[in-house]
Amino acid sequence: EAGVTQSPRYAVLQEGQAVSFWCDPISGHDTLYWYQQPRDQGPQLLVYFRDEAVIDNSQLPSDRFSAVRPKGTNSTLKIQSAKQGDTATYLCASRRTGGAHYAEQFFGPGTRLTVL
Amino acid sequence: QQQVRQSPQSLTVWEGETAILNCSYENSAFDYFPWYQQFPGEGPALLISILSVSDKKEDGRFTIFFNKREKKLSLHIADSQPGDSATYFCAASWPGGYKVVFGSGTRLLVSP
């Protein structure tokens, strides 16, 4: 079974530029998460989906960040007008509900973003 | 507001020693506590987890001790190996396990 895949693995931007991150979850996983992990900190949830529906985006900076999962499979996270404070690793995770009540989240390798 | 706190930030032990990583939490509604292991350049991976109805969970060299009254838990890594050198995150989840809050991590170095 293939794991969660993310691309690109690295991105370097100037402030004000836009960037998109792409995630392909594990096949059959209906729940997908995007996390921001600043250097030397733990992952912080930005948004999560069940199928194509946004369940919680309360921590997503809505003025510059957006996330979609149009067919309930792959997902894209976009940052418009990036700021230096957005420098972090962006992690995607997926999970299958309907099985174990506390099913594990599986993480991708992340995209390391540097905003100059 | 940091809902899950970890200490120490970093820890160095000798090969063969037991490493003890500490965690505390604020929200009494949390009922599931996974620990994740992360190597540089990789995403976190689930190592071991415990439900709040238990006070201990063992899996090989890894043991979680849980104190619900004090809202504290700890991860003990027995017979530490250099390959255990990684960052360990304590996390907590509300019932259902859909949404997880992570601590800031403990960086463990096991010296041969």
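Just so you know, these numbers come straight off a predicted model, no measurement behind them. (Residues numbered from 1 in each chain as written. Chains lettered and ligands numbered in written order. Predicted model: local features only at pLDDT ≥ 70, side-chain atom pairs only at ≥ 80, totals over all residues. Heavy atoms only, no water.)

Examining the interface of chain A and chain B
Applicable threshold: Here, two residues are considered to be in contact whenever any of their heavy atoms come within 4.5 Å of each other. Each of two parts loses accessible area, computed with a 1.4 Å probe, when they are put together; buried area is these two losses added. Within this document, salt bridges are pairs made up of a side-chain nitrogen of Lys or Arg and a carboxyl oxygen of Asp or Glu, the two lying within 4 Å of each other. Put simply, DSSP H or I for four residues or longer makes a helix, DSSP E for two residues or longer makes a strand, and each gets a number counted from the N terminus. Gly is placed with the polar residues, together with every amino acid not listed as nonpolar (Ala, Val, Leu, Ile, Met, Phe, Trp, Tyr, Cys and Pro) or charged (Asp, Glu, Lys and Arg).
In this assembly, 23 residues from chain A lie in contact with 22 residues from chain B. Carbon and sulfur atoms make up 51% of the area that chain A and chain B hide from each other, which totals about 1,700 Å². When residues of chain A are sorted by the area they lose upon contact with chain B, Pro-43, Tyr-102 and Phe-107 of chain A head the list and together hold 32% of the total. The tally of links from chain A across to chain B stands at two salt bridges. Of the charged contacts, one joins Arg-107 of chain B and Asp-40 of chain A as a salt bridge, the two residues approaching to 2.5 Å between their closest N and O atoms. For the side of chain A that touches chain B, the secondary-structure elements that each account for two or more residues are strand S4 (31-37), strand S5 (44-50) and strand S9 (88-95) of chain A. Split by residue class, the side of chain A that touches chain B holds nine nonpolar, eight polar and six charged.

Looking at the sheet that holds strand S1 (residues 5-7) of chain A
All names here are of chain A. Test applied: A pair of strands is labelled paired if DSSP reports no fewer than 2 bridges between them. Lines are fitted to the C-alpha atoms to define the axes, a helix being fitted only along its stretch in contact, and any angle between axes, read from their N-to-C directions, falls within 0 to 180 degrees.
Ordered in space as S1-S3-S8-S7, the four strands form an open sheet in which the pairing is antiparallel. For this open sheet the edge positions go to S1 and strand S7 (65-68), each flanked by a neighbour on one side alone. Here the strands of the sheet are splayed against their neighbours by 15 degrees on average, with no regard to which way each runs.

Considerations on the sheet that holds strand S7 (residues 62-67) of chain B
All names here are of chain B. In space, the five strands of this open sheet follow the order S1-S3-S8-S7-S6, with antiparallel pairing throughout. Since the sheet does not close on itself, it has two edges, and those belong to strand S1 (4-7) and strand S6 (56-59), each with one partner. Taking each pair of neighbouring strands and ignoring which way they run, the sheet shows an average axis angle of 15 degrees.

A short note on the pattern of salt bridges
Residues and elements named next belong to chain A. This is how the line gets drawn: Throughout, exposure labels follow a simple rule: accessible area from a 1.4 Å probe, protein chains only, divided by the maximum for the residue type, with under 20% read as buried, over 50% as exposed, and the rest as partly exposed.
Enumeration according to the criterion identifies seven salt bridges over all chains in this entry. Notably, a salt bridge pairs Arg-64 with Asp-86, separated by 2.6 Å at the nearest N-O pair. Remark: Asp-86 occurs in the loop between strand S8 (75-79) and S9 and Arg-64 occurs in the loop between strand S6 (53-56) and S7; sequence separation between them is 22 residues. By relative accessible area, Arg-64 is classed as buried at 13%. Here Asp-86 falls in the buried class, since its relative accessible area comes to 5%.

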